[in-house]
Amino acid sequence: MGRSGLGELGTIVLATVHRLGDEVTGTVAYEDLTERAGRDPTVPAVHVTLRRLESKGLLHSRLGGVSPRGGRRQRLFSLTSEGRTALAESRAMWARVFDGLGLADAPESGS
């Protein structure tokens, strides 16, 4: 973990919220990150990570409308400026770690 205290799942969740734009629900983040990252955390693990990142000031949330399935209002997450900085720092750190290893680019998945 870096200075921001981001682990792998935290970094993936931040990147997912950033990629999807403002006002991302936990369920949408979960679906996108399982597809893109090839990871399969539990839905509660993603929700806990979203709330942890919010408590660190890296995400902001607000209550939106009622879920399409009915019931409770959805919590919508968006990246803060501190979250963008932490994500950029994490990316730069991993670039330094892998620099000079001579590894070929990873093959594209999904086909």
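Residues numbered from 1 in each chain as written. Predicted model: local features only at pLDDT ≥ 70, side-chain atom pairs only at ≥ 80, totals over all residues. Heavy atoms only, no water.

A word on the pattern of salt bridges. One side chain can pair with another of opposite charge once the charged atoms of both are near each other. By the definition in use, this model includes five salt bridges. Taking the shortest distance from any N to any O, the salt bridge between R39 and E8 comes out at 2.7 Å. On the criterion of sequence distance, the pair formed by R39 in the loop between α2 (26-37) and α3 (43-55) and E8 in helix α1 (residues 8-20) is long-range, its members being 31 residues apart. In this structure, E54 and R51 form a salt bridge, with 3.3 Å as the shortest nitrogen-oxygen distance. Within this pair, E54 and its partner R51 are both found in helix α3, separated by three residues, close to a single helical turn. Overlapping salt bridges bring together R19, D32 and R36 as one network. (Salt bridge = Lys/Arg side-chain N within 4 Å of Asp/Glu carboxyl O. Helix = DSSP H or I, 4+ residues; strand = E, 2+ residues; numbered from the N terminus.)

What follows is about the packing of aromatic side chains. On inspection of all chains with the given rule, the structure shows one aromatic pair. Consider the rings of W94 and F98, whose centres lie 5.8 Å apart with planes at 35°: the pair is tilted. Pair noted here: W94 and F98 are both in helix α4 (residues 81-98), with a separation of four residues, about one helical turn. Taking the relative accessible area as the measure of exposure, W94 reaches 44% and is therefore partly exposed. Residue F98 is classed as partly exposed on the basis of its relative accessible area, which comes to 46%. (Phe/Tyr/Trp six-rings, centres within 6.5 Å; stacked < 30°, edge-to-face > 60°. Buried < 20%, exposed > 50% of the residue type's maximum accessible area, 1.4 Å probe, protein only.)

A separate point is α3. Within an α-helix, residues lying three or four positions from one another point in the same direction, as the helix has 3.6 residues per turn. End to end, α3 covers 19 Å across 13 residues, agreeing with the expected 18 Å (1.5 Å per residue, within 8%). Looking at α3, one finds that the buried residues are V46, T49, L50 and L53. Seen along its axis, α3 keeps its buried residues to an arc of 100°; they face one direction. Turned more than 90 degrees from where α3 packs its buried face, P44, V48 and S55 sit exposed. Near the N-terminus of α3, the side chain that reaches the backbone nitrogen of A45, with its oxygen 3.0 Å away, is that of T42. Two residues or fewer past α3, G57 is found with a positive phi of approximately 85°. (Expected span 1.5 Å × (residues − 1). Arc of directions from axis to C-beta. Polar contact = N/O pair within 3.5 Å; in protein donor to acceptor, adjacent residues only side chain to side chain.)

Moving on: the side chain of T16. Relative to the helices and strands, T16 resides in helix α1. Of the residues examined, T16 reaches a relative accessible area of 1% and is grouped as buried. The contacts of T16, once residues within four sequence positions are left out, are A29, D32 and L33. (Contact = heavy atoms within 4.5 Å.)

Moving on to a nonpolar patch on the surface. A cluster of nonpolar side chains, namely W94, V97, F98, L101 and L103, defines an oily patch on the protein surface of about 530 Å² accessible area. Mapped onto the elements, L103 comes out in the segment after α4. Here L103 falls in the exposed class, since its relative accessible area comes to 60%. (Patch = residues over 30% accessible without salt bridge, like charges linked within 9 Å, V, L, I, M, F, W, Y side chains within 5 Å. Areas by Shrake-Rupley, 256 points an atom, 1.4 Å probe, with all protein chains shown as cover.)

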